[in-house]
Amino acid sequence: MNQSARSASTHFRAALGAFATGVTIVTTRDSAAADVGLTASSFNSVSLDPPMVLWSLAKDSLSLPAFMECGHFGVHVLASNQQALADRFATRGADKFSGLTVTRGPDGIPLLSGCSARFQCKTAFRHQGGDHVIFVGEVVAFDHLELPPLVFHSGRYAIATPKPESASSSWNVTEDSSSSFSQDFLIFMLGRAHYQLFLRLRRELEQHGLAEGEWFVLSILGAGTRRTLSELDELVGCTGTRVTYDQLAGLAAAGFVQLHGAYDGDVQVELTANGRQAVIELIAAAKAAESDAERHLGVDESRLLKQWVKQIIQDSDPGPPATWREVGN
Ligand SMILES: Cc1cc2nc3c(=O)[nH]c(=O)nc-3n(C[C@H](O)[C@H](O)[C@H](O)COP(=O)(O)O)c2cc1C
């Protein structure tokens, strides 16, 4: 292929990549009864009645002879947590089935588990399609699990998350954001989400007789290290709250912490057994509030939400004190 043909081919691939697809693993068995399979995104539906599907296989694929010989194949629509499997089956000539447990379909074709959907197919037609062979299969059996799918778009794996429904709710982010400034304003939304999520934790804090700032102190000490008053003040300072000696003395009197040494910024503070128990209970309450808040989000969506919030935290970080970074690690 000359330079301009190569460049045209690269552009063609890039244009095709604009079409988001799912990811499948197509499997079969060769004449020596060895399992064969590869990752394929060319899968598509053809007909509902009779139920038919298709996919295409590169003519230079090592798997081609097996698919030409065997009268059946299995298509596995991968779930979003199966990216490692997709990578393995996209590796040319690899020992792809090593360590995998398979069940058997018609002609003994291997069937993988944990997929969003599986189609067991009888090869109905093969068509030549340029440098690929198109396999059309009649579906003889299928099953389906409600698992979020793995997506492939622009040469990368992706996650499918449903778009918010259209303007039925005043909480939707509108095109005309000026008409709902506060509802569409990230700082407002993050602030309100924090306030509402914290309400539940605040009730728990009241039961333990703790103020919010005192909870910050206890949660830092929950990492297990003794801290001086100065360190605690610096760390908690990131939340806009100050730590004082009187506050620590109050926590000590209530049995949450033990103080060692000086009466100034060098006083060493550590959790008592009671304090540790309170931290465990409060973290459990915070986790419960988090699960409740995420109840309408899928696993991938909540992972994405955290990824985006982390990005915002990173981009807006004015540079935390070194000790804070230590706690975060
Ligand atoms: C996301 C993705 C989609 C792919 N789709 C196809 C496809 O539809 N057809 C195909 O022949 N190869 C496809 N491939 C490439 C094959 O998986 C890859 O060439 C594999 O190594 C072939 O294995 P084999 O040569 O051992 O048969 C895809 C690869 C990836 C990562």
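This text goes with the structure placed above it.
For clarity, every value in this text was computed on a predicted model and none was experimentally measured.

S.K.: Where do I start with a nonpolar patch on the surface in this structure?
M.R.: On the surface, Phe-185, Ile-187 and Phe-188 cluster together into a nonpolar patch covering about 280 Å² of accessible area. Mapping Phe-188 onto the fold places it in helix 4 (residues 186-207).

S.K.: How should the pattern of salt bridges be read in this particular structure?
M.R.: A side chain with one charge can pair with a side chain of the opposite charge if their charged atoms come near. In total, this model carries 13 salt bridges according to the counting rule given. For the salt bridge of Asp-35 with Arg-104, the shortest nitrogen-to-oxygen distance reads 2.8 Å. Of this pair, Asp-35 sits in strand 3 (residues 35-40) while Arg-104 is found in strand 7 (residues 103-104), placing the two residues 69 residues apart along the sequence. Assessed through its relative accessible area of 24%, Asp-35 is described here as partly exposed.

S.K.: Is there a simple way to explain the sheet that holds strand 15 (residues 268-271) in this structure?
M.R.: Whenever strands of a sheet pair, they do so through backbone hydrogen bonds, lying parallel or antiparallel. Taken in spatial order, the three strands line up as 13-15-14 in an open sheet, and their pairing is antiparallel. With one partner strand each, in any of the chains shown, strand 13 (227-228) and strand 14 (257-260) form the two edges of the open sheet. With four bridges joining them, strand 14 and strand 15 adopt antiparallel strand pairing. The partner of Gln-258 across the bridge, within strand 15, is Glu-270. Sheet strands in contact with helix 7 (residues 245-253) are strand 14 and strand 15, and its direction is about 125 degrees off that of strand 14.

S.K.: Would you mind showing me how to read helix 7 here?
M.R.: Think of an α-helix as turning once every 3.6 residues; residues three or four places apart then point the same way. What helix 7 keeps buried is the set Gln-247, Leu-248 and Leu-251. The buried side chains of helix 7 occupy one side of the element, clustering within an arc of 95 degrees when seen end-on. Seen from the open side of helix 7, the exposed residues pointing more than 90 degrees away from its buried face are Asp-246 and Ala-253. Each element contacted by the buried residues of helix 7 is listed here: helix 5 (212-221), helix 6 (229-237), strand 14 and strand 15.

S.K.: Help me understand the pairing of strand 6 (residues 72-77), please; the structure alone is not making it clear to me.
M.R.: Two faces belong to every sheet, and in a regular strand the side chains alternate between them. Of all six residues in strand 6, six are buried, a share of seventy percent or more. Where strand 2 (residues 24-29) and strand 6 come together, four bridges link them in antiparallel fashion. Directly across from Thr-27, in strand 6, lies its bridge partner Gly-74. The pairing of strand 6 with strand 9 (residues 117-129) spans six bridges and is classified as antiparallel. Along strand 9, the bridge assignment pairs Val-77 with Ala-117.

S.K.: Would you take a moment to explain the sheet that holds strand 2 for this structure?
M.R.: Taken in spatial order, the seven strands make up an open sheet running 3-2-6-9-10-5-4, and their pairing is antiparallel. In this open sheet, the two edge strands, each paired with only one partner strand, are strand 3 and strand 4 (44-47). Averaged over neighbouring strand pairs, the angle between their axes works out to 35 degrees when direction is ignored. Where strand 4 meets strand 5 (residues 52-58), three bridges bridge the pair, whose relative direction is antiparallel.

About the cut-offs
Residues numbered from 1 in each chain as written. Predicted model: local features only at pLDDT ≥ 70, side-chain atom pairs only at ≥ 80, totals over all residues. Heavy atoms only, no water. Patch = residues over 30% accessible without salt bridge, like charges linked within 9 Å, V, L, I, M, F, W, Y side chains within 5 Å. Areas by Shrake-Rupley, 256 points an atom, 1.4 Å probe, with all protein chains shown as cover. Salt bridge = Lys/Arg side-chain N within 4 Å of Asp/Glu carboxyl O. Helix = DSSP H or I, 4+ residues; strand = E, 2+ residues; numbered from the N terminus. Buried < 20%, exposed > 50% of the residue type's maximum accessible area, 1.4 Å probe, protein only. Pairing = 2+ DSSP bridges. Contact = heavy atoms within 4.5 Å. Axes fitted to C-alpha atoms, helices over the stretch in contact; angles between N-to-C directions. Arc of directions from axis to C-beta.

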